[in-house]
Amino acid sequence: MKQRRKERRLALEILYEWDLTGRSLEQIIKLKKDVSKTFVISEFSDRLIIGVHSHKEELDKIIERYSEDWKVNRMPLVDRNILRLGTYELIFEMDVPVPVTINEYIELAKIYATDDSRRFINGILGMISKDLEK
C-alpha cells in the first residue's frame, strides 16, 4: 500500500474514533501508543488530523452545501469522516492533484464504507473540486 494511503487511513481511524467516542485526539493517540510501542503518526497524518479537527465546522458546512438535504451529523460516521478528510485535503493540501485526492478517498470508502457510500462520497468530493476550480 502506498505510504500516503496508509497515512490517510490512519488519520481516518483516529478521526473516526474521536467522532465516535468524544475522546480528545491526545487521548486517542496516547492509547494507540500504549497499545503499540511502534505507533507513529507521520507529519502528513498529523496535518490531516489536526486540520480536520481545527476546521470541522467549516468542513461540515461545505459538505452539507453539496449533500442535498443530508446533515453531516446524520451521515454514517465513516462517510462523514472520509468526506471531512477529503474536503480538507482538497481545500488545504495543494500538493496532490485533485483527481488523485478524490481517488484516494474513494479507495478508503471501498475498504470502510458501502457501495452507495462510495458513490455518495465520490459525488460530493467531485462537486466540491469543480467549484474549487472556478
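Conventions we followed
Residues numbered from 1 in each chain as written. Predicted model: local features only at pLDDT ≥ 70, side-chain atom pairs only at ≥ 80, totals over all residues. Heavy atoms only, no water. Helix = DSSP H or I, 4+ residues; strand = E, 2+ residues; numbered from the N terminus. Buried < 20%, exposed > 50% of the residue type's maximum accessible area, 1.4 Å probe, protein only. Contact = heavy atoms within 4.5 Å. Axes fitted to C-alpha atoms, helices over the stretch in contact; angles between N-to-C directions. Parallel < 35°, antiparallel > 145°, perpendicular 65-115°, else oblique. Nonpolar A, V, L, I, M, F, W, Y, C, P; charged D, E, K, R; others polar. Salt bridge = Lys/Arg side-chain N within 4 Å of Asp/Glu carboxyl O. Core = buried A, V, L, I, M, F, W, Y, C linked by side-chain atoms within 4.5 Å.

### Concerning the environment of His55
Phase 1: Locating His55 in the fold gives a position in the loop between helix H3 (43-54) and helix H4 (56-66).
Phase 2: Its relative accessible area of 25% is what places His55 among the partly exposed residues.
Phase 3: Aside from chain neighbours lying at most four places away, what touches His55 is Tyr88 and Phe92.

### A short note on the packing of H4 against helix H5 (residues 77-92)
Phase 1: Where H4 meets H5, the axes come as close as 10 Å, and the angle between the chain directions of the two elements is 100 degrees. By the angle class used here, H4 and H5 are roughly perpendicular. Mapping the contact onto sequence places Lys56, Glu58, Leu59, Asp60, Ile62 and Ile63 in H4 and Leu83, Arg84, Thr87, Tyr88, Ile91 and Phe92 in H5.
Phase 2: Of the residues that constitute the contact of H4 with H5, the class distribution is seven nonpolar, one polar and four charged.

### What about the pattern of salt bridges?
Phase 1: A full pass over the atoms with the stated rule returns 18 salt bridges.
Phase 2: Each of Asp19, Lys56, Asp60, Arg80 and Arg84 takes part in a single network of salt bridges with overlapping partners.

### Here we look at the nonpolar core
Phase 1: Among the nonpolar cores identified, the biggest contains 37 residues, and Ile14, Ile82 and Leu85 are the most heavily contacted of them.
Phase 2: Of all the secondary structure elements, the ones that give two or more residues to this core are helix H1 (3-21), helix H2 (25-35), H3, H4, H5, helix H6 (98-112) and helix H7 (115-133).
Phase 3: Filtering out sequence-adjacent residues up to four positions away, Leu85 remains in contact with Arg8, Ala11, Leu12, Leu15, Leu48, Val52 and Tyr105.

As far as function goes, none of this settles anything; it's purely spatial.
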